[in-house]
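A look at the structure
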Amino acid sequence: MMGPASSLIRSGNPQGAKPCERFLLSPTAWGQLPAALQQETELALLGLWADAAQVHACFLHEPSAEAVLASTPAAGWNYAALSPARPGAVRFERMILELWGHHAEGAVDLRPWLDHGRWNLRHPLAAKPIPFAGEAPQPEFLPVEGEGIHQIPVGPIHAGVIEPGHFRFSVQGEVVVRLEQRLGYTHKGALSLMLGTSPRAAVRYAARLSGDTTVAHSWAFSAAVEAALGVTPPPRALHLRALMLELERIHNHLNDWGFVCNDAAFAFPHARCGFLREGVLRAIAAAFGHRLMMDRVLPGGVAPDIAPRGAEAILAALDAVEAEIPSLMQIYEAHASLQDRVVTTGYLRPDLACAFAAGGHVGRASGRGFDARRLPQSQPYPTLRFDVPVLEAGDVDARVRIRVLELGQSIALVRQILASLPSGELMAPLPVRAGEGVAMIEGFRGECLHWISLDDGGLIRALFPRDPSWLQWPLLEAAIEDNIVADFQLCNKSFNCSYSGVDL
Amino acid sequence: MLWPKLARALFAKPLTDNAPLVPRETIQALGERLAATSRARLGRSLAIREVDSGSCNGCELEVNALQNVAYDLERFGLRFVASPKHADVLLVTGPACLNMREALERALASTPEPRWVVAAGDCAVDGGVFKGSYAVENGIAAVLPVDLLIPGCPPTPAQLLEGLLSLLETESAKK
Ligand code: SF4
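Here we summarise the structure given alongside this text. Note that the coordinates shown come from a computational prediction; the quantities given were computed from them, not determined experimentally. (Residues numbered from 1 in each chain as written. Chains lettered and ligands numbered in written order. Predicted model: local features only at pLDDT ≥ 70, side-chain atom pairs only at ≥ 80, totals over all residues. Heavy atoms only, no water.)

Some points on the overall build of chain B
Each helix and strand counted, chain B has six helices and five strands in total. Written out in order from the N terminus, the α and β elements of chain B read α-α-β-α-β-β-α-β-α-β-α. Put simply, chain B has 175 residues, and 54% of those count as buried. A separation of at least 24 residues holds for 84% of the contacts in chain B among residues at least 6 apart in sequence. Counting only carbon and sulfur atoms, one obtains 56% of the accessible surface of chain B, whose full area is about 7800 Å². (Helix = DSSP H or I, 4+ residues; strand = E, 2+ residues; numbered from the N terminus. Buried < 20%, exposed > 50% of the residue type's maximum accessible area, 1.4 Å probe, protein only. Contact = heavy atoms within 4.5 Å. Areas by Shrake-Rupley, 256 points an atom, 1.4 Å probe, with all protein chains shown as cover.)

Here you go:
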């Protein structure tokens, strides 16, 4: 059964994107989309972006896990905003206005987001950017009214070794009434550097969109290119990609588990997780020659191959992790002072997680079980056995527990992959031609969604890499409400959204 | 039983790695760079404030890893502090993002003299892959006076440690 929004989208003109079709809608048809989306709640918005001429949206039909793309012309007139129907659209619409200059009619919020007024041009990705010189304006924050409310500004530079961003807390006594994020500080203009280059040259930017997700983003980028060109990487390359993706999940989950405990002043699990993670990173370096596996996944395949003793090193490091998880979990559970800080803290309502289509541990701790590894095109995962844990509690504790459960699953996956590693080629040749592709790869935070359009010379005409944090950051604002200020760090770490990934 | 545990603890190897040897060339290059300036000696101790001027967070992962028990920084007198006001060293990662310029300048202004600025990672050294973008001014030397460059994408904890130790050694050699 197709809902009104799905039928409306599919009535558009197919544009030949692979493996999910993109339909071009007339401005009139797109104008009906917000109302149709109100009536079809199971069609989740995964991303909204633009190129010089059009605005593009990616939707996921939740019951069937089928994705579909929709576009409408945007240059010269205002496109209808989706934010009245999908709250996740708000930040995308702000970004589209700044980077491409397309204005969303009826948008909930169009205040500046990435552009702080410090670049020497406006609309850097528009057909004709406008030179800009002038004072950077003061940021505007949403007004908060009530008795005794005061504000706490934090950042962009934070106390810990983390990325920069500004948090504006409106506080009544100890309780947070509203948190508003202001990001964009790490905007590096990566998209402008990727446009007009070959996928082989551009993949290093995908690898550096968010360093902790380097494998997932390089894979999603490469998979979008491969879909556009009709290329299938050799089986050995796909297995090695999955191996690296699971190792990336393992080292990040260990890191964040330790940090959540540390933020509750519980240093021991942090020390142990840090030590175990270091073992994993050293094994990764022995196997792939780089501790974070940057620049290993390339369009067409993988390079270089896993080192001769790499598998052994990885298995030994993971044995150590697996052996210690139960005792660390016991410590985590047995200390009332720690449990007091994490249980019921930073509660994210399941309906909100669904409304924003939150992926990864944020979604799965609040009942939304989507995992891109379950998609039929996510080779080699359909040949591997694994569970996707889902909890309903929605608090810091649930997000930690999802991480720990996923650790076990990923360790088992690594063993399966190494036991069944096919031999053969690592790289498929890439033809030079036009094409359009989209791909989703499940990183440790959730699905990384990449869309790419190549011109006749095989160069990048347009693209968008959507980090899962786009749909999780706004939920952190919701989860912290009515919590005390002191619990912010815990909530923040339990989400661990990427700044660089959304600042672009 | 307590005894087996005690015995195990007695004979187990420590978790920490041996201290790295700082390559001669690094020290020499650094010594030459610092020779022009006369700065007070700090003894073998440095308080470090890490500032991200727009990195991809890969460098942050490795700076954080440097603080794990395998590297055990404090035995070298190195420690990370929460405020630039308490810091001797600003360890800066990422390219000089225009959106971070003012924050970087303010961080430097809050750091008391004598102070050092270390550019860690290819991005901080010269902009790395982001060189030439409309949103960055390449390396952080465009904004801050840089004393030491630690290349790498990201530099490993061992490379970061080498760089920081070379800073200590040069300073103490100068007396
Ligand atoms: S040097 Fe490499 S790891 Fe460090 S911020 Fe730049 S791209 Fe990221």
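Structure shown, so let's carry the discussion forward.
Here's the deal with empty space enclosed by the protein
Residue and element names in this part refer to chain B. In the structure shown here, the tally under the stated rule is four cavities of 30 Å³ or more. Computed from the structure, the largest cavity encloses a volume of approximately 90 Å³. What lines the largest cavity is a set of 13 residues, among which Cys56, Cys59, Cys123, Cys153 and Pro154 lie closest to the centre. Secondary structure elements with two or more residues in the lining of the largest cavity: α3 (58-65) and α5 (122-126). Residues that form the lining of the largest cavity fall into these classes: seven nonpolar, four polar and two charged. (1 Å grid on protein atoms, 1.4 Å probe; cavity = no way out; pocket = protein on both sides within 12 Å on 5 of 7 lines; lining within 4 Å. Points joined across faces, edges and corners; volume = space filled by probe spheres on them. Nonpolar A, V, L, I, M, F, W, Y, C, P; charged D, E, K, R; others polar.)

Structural notes on the interface of chain B and chain A
Listed per partner, the contact involves 45 residues of chain B and 50 residues of chain A. Both sides of the chain B and chain A interface together cover about 3600 Å² of buried area, and 61% of this is carbon and sulfur. Of all residues in chain B, B:Leu61, B:Asn99 and B:Tyr134 give up the largest surface area on contact with chain A, accounting jointly for 22% of the area buried on that side. Counting the contacts that link chain B with chain A gives two salt bridges. Put simply, B:Glu102 and A:Arg118 hold a salt bridge, and the shortest N to O gap is 2.8 Å. (Buried area = accessible area lost by both parts, 1.4 Å probe. Salt bridge = Lys/Arg side-chain N within 4 Å of Asp/Glu carboxyl O.)

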